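Listed here are the chains, written in short residue letters.
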Amino acid sequence: MSWQAYIDTSLVGTGAVDRAAIFSATGDSVWATSPAFNVSPTEMQAVVAAYKDPGNKEGVKKVQSEGLHIAGERFVVLKADDRSVYGKKGREGVVIVKTTQAILVTHYPESVQPGVAANTVEQLGDYLIKVGY
């Protein structure tokens, strides 16, 4: 399956997310994206930095105290660990999942429950890790 097919079928096609992009794990290469979802290079480097950040002595990462910008919008970060970053802005949000070689960046609208969006993206992440990506 092509990277664009993962966006069109496994992410946006489920209805659980409305916009998505797949980047290299280093954040410097866009492998696929949905229309009008423009994540800037600066925003991707902030995502990569969030994964590299070990956190302070309480385990709080910088992104959790400062928030995260994706496609020009600021999100409050609710969860940030070695695999996933979850952000929220009002009733919409972002789910970002890192696999071995890729970072899945997704946005869900107000009409979708955060858990449904997270489950969809995490399942694709699990699959990609299982097949070596």
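Attention here is on the structure that accompanies the text. (Residues numbered from 1 in each chain as written. Predicted model: local features only at pLDDT ≥ 70, side-chain atom pairs only at ≥ 80, totals over all residues. Heavy atoms only, no water.)

## So, the layout of surface pockets
A volume near 200 Å³ is recorded for the largest pocket. Thr-42, Glu-43, Ala-46, Ala-49, Ala-50, Asp-53, Lys-62, Val-63, Glu-66, Gly-67, Leu-68 and His-69 are the residues that line the largest pocket. If you list the elements that add at least two residues to the lining of the largest pocket, you get helix 2 (41-52), helix 3 (62-66) and strand 3 (68-70). For the lining of the largest pocket, the element with the highest residue contribution is helix 2, accounting for five residues. (1 Å grid on protein atoms, 1.4 Å probe; cavity = no way out; pocket = protein on both sides within 12 Å on 5 of 7 lines; lining within 4 Å. Points joined across faces, edges and corners; volume = space filled by probe spheres on them. Helix = DSSP H or I, 4+ residues; strand = E, 2+ residues; numbered from the N terminus.)

## Let's talk about the sheet that holds strand 1 (residues 19-24)
Spatial strand order, 2-1-7-6-5-4-3: seven strands in an open sheet with antiparallel pairing. Whereas interior strands pair on both sides, the edge strands pair on one side only; in this sheet they are strand 2 (30-33) and strand 3. Mean inter-strand twist for the sheet, computed between neighbouring axes without regard to direction, equals 25 degrees. The pairing of strand 1 with strand 7 (residues 102-108) spans six bridges and is classified as antiparallel. By the bridge assignment, Ile-22 is partnered in strand 7 with Leu-104. (Pairing = 2+ DSSP bridges. Axes fitted to C-alpha atoms, helices over the stretch in contact; angles between N-to-C directions.)

## Structural notes on the pairing of strand 2
Across three bridges, strand 1 lies against strand 2 in antiparallel orientation. For Ile-22, the partnering residue across the bridge sits in strand 2 and is Ala-32. Count of turn residues in the strand 1/strand 2 antiparallel hairpin: five residues, of which Gly-27 carries a positive phi of about 75 degrees.

## Regarding the packing of aromatic side chains
In this structure the tally under the stated criterion is four aromatic pairs. A centroid spacing of 4.7 Å and a plane angle of 40 degrees characterise the contact between Trp-3 and Trp-31, whose relative ring orientation is tilted. You can see Trp-3 sitting in helix 1 (residues 3-11) and its partner Trp-31 sitting in strand 2, a full 28 residues away along the chain. We classify Trp-31 as partly exposed; its relative accessible area is 28%. One aromatic cluster is present, formed by Trp-3, Tyr-6, Trp-31, Tyr-127 and Tyr-133 through successive ring pairs. The lysine or arginine in question, Lys-79, covers the ring of Tyr-86, its NZ or CZ lying 4.8 Å from the ring centre. (Phe/Tyr/Trp six-rings, centres within 6.5 Å; stacked < 30°, edge-to-face > 60°. Buried < 20%, exposed > 50% of the residue type's maximum accessible area, 1.4 Å probe, protein only. Lys NZ or Arg CZ within 6 Å of the ring centre and 35° of its normal.)

## Observations regarding helix 1
Among the residues of helix 1, those classed as buried are Trp-3, Ala-5, Tyr-6, Ile-7 and Leu-11. Lining the buried residues of helix 1 we find strand 1, strand 2, strand 7 and helix 4 (114-130). (Contact = heavy atoms within 4.5 Å.)

## Considering the packing of helix 1 against helix 4
For any two helices packed against each other, one specifies the crossing angle of their axes together with the interaxial distance. Between helix 1 and helix 4, the shortest axis-to-axis distance is 11 Å and the interhelical angle comes to 140 degrees. Taken as axis vectors, helix 1 and helix 4 run oblique relative to one another. As for the relative orientation of helix 1 and helix 4, their crossing is right-handed in sense. Residues Trp-3, Tyr-6, Ser-10 and Leu-11 of helix 1 form the contact with helix 4, whose own contacting residues are Thr-120, Val-121, Leu-124, Tyr-127 and Leu-128. Tallied by class, residues from the contact of helix 1 with helix 4 come to seven nonpolar, two polar and no charged. (Parallel < 35°, antiparallel > 145°, perpendicular 65-115°, else oblique. Left-handed = near helix turned anticlockwise from the far one by under 90°. Nonpolar A, V, L, I, M, F, W, Y, C, P; charged D, E, K, R; others polar.)

## A few points about the pairing of strand 6 (residues 92-98)
Taken across its seven residues, strand 6 has six buried, putting it largely inside the fold. Of the strand pairs in this sheet, strand 5 (residues 84-89) and strand 6 are connected by six bridges, and their pairing is antiparallel. Paired with Lys-89 across the bridge in strand 6 is Glu-92. In sequence, strand 5 turns back onto strand 6 through a hairpin of two residues, with Gly-90 there showing a positive phi of about 65 degrees.

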